[in-house]
Amino acid sequence: MHGSELQDRAARRADELPGAELTHPFGDEWDVYKVRGKVFMLQTGATGEPIVTLKARPEDSHSLREAFPDIIPGYHMNKRHWISLKPDGELEPAFVDDLVTESYLLVVEGLPKRLRPVDPATFGQHHDG
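The text that follows walks through the structure, step by step, so that each part is easy to find. (Residues numbered from 1 in each chain as written. Predicted model: local features only at pLDDT ≥ 70, side-chain atom pairs only at ≥ 80, totals over all residues. Heavy atoms only, no water.)

Regarding the pattern of salt bridges
Part 1: This structure, assessed with the given rule, holds four salt bridges.
Part 2: Ionic pairing is found between Arg9 and Asp97, a salt bridge with its closest N-O pair at 2.5 Å. Of the two residues, Arg9 is situated in helix 1 (residues 5–16) and Asp97 in helix 3 (residues 93–109); the sequence distance between them amounts to 88 residues.
Part 3: Under the relative-accessibility criterion, Arg9 is labelled partly exposed at 23%.
Part 4: Its relative accessible area of 15% is what places Asp97 among the buried residues.
Part 5: Note that Arg13 and Glu16 form a salt bridge whose closest N and O atoms lie 2.7 Å from each other. In this pair, Arg13 and Glu16 are both assigned in helix 1, three residues apart and thus about one turn of the helix distant.
Part 6: Its relative accessible area of 9% is what places Arg13 among the buried residues. (Salt bridge = Lys/Arg side-chain N within 4 Å of Asp/Glu carboxyl O. Helix = DSSP H or I, 4+ residues; strand = E, 2+ residues; numbered from the N terminus. Buried < 20%, exposed > 50% of the residue type's maximum accessible area, 1.4 Å probe, protein only.)

Dropping the structure here:
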């Protein structure tokens, strides 16, 4: 996906997730997606290219960076727990959707059960996305 296509795709997926909201706590250059007040995705062009930053399990973060040159350590985030996706590479749209969903579910898992908009153990099992 070229240019802003990556961010557009990630934003569309985030908008589909229950309880997700777009905020701008760092100004207009950053789109920050949260669920119940917790960040699960950031988007910016401040790096000179439109990137998407997502939460990932540390073991997945390392494996993804090894497997895909378009996935780098999270920009301005904890490098063990966050990854950034760069445009103009080989990342498939459905894979981007999966990475956004996984980031969202990681954050939801950390919420108290009463605040969770979905059950992270079963979310997405009964539809094609």
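Resuming the write-up.
Section: the nonpolar core
A general trend in soluble globular proteins is that nonpolar side chains are found buried together.
Part 1: Formed by 27 residues in total, the largest nonpolar core has its most connected members in Phe40, Met41, Leu54, Leu85, Val96, Val100 and Tyr104.
Part 2: Of all the secondary structure elements, the ones that give two or more residues to this core are helix 1, strand 2 (30–35), strand 3 (38–44), strand 4 (51–55), strand 6 (82–85) and helix 3.
Part 3: Looking at this core element by element, the count peaks at seven residues for helix 3.
Part 4: Once you skip the residues sitting within four places of it in the chain, Val100 turns out to touch Ala10, Arg13, Ala14, Leu17, Phe40, Met41 and Leu54. (Core = buried A, V, L, I, M, F, W, Y, C linked by side-chain atoms within 4.5 Å. Contact = heavy atoms within 4.5 Å.)

Some details on helix 3
Part 1: Look at helix 3: 24 Å from first C-alpha to last across 17 residues, which is about the 24 Å you get at 1.5 Å a residue.
Part 2: Listed as buried for helix 3 are Val96, Asp97, Leu99, Val100, Thr101, Ser103, Tyr104, Leu105, Leu106, Val107 and Val108. (Expected span 1.5 Å × (residues − 1).)

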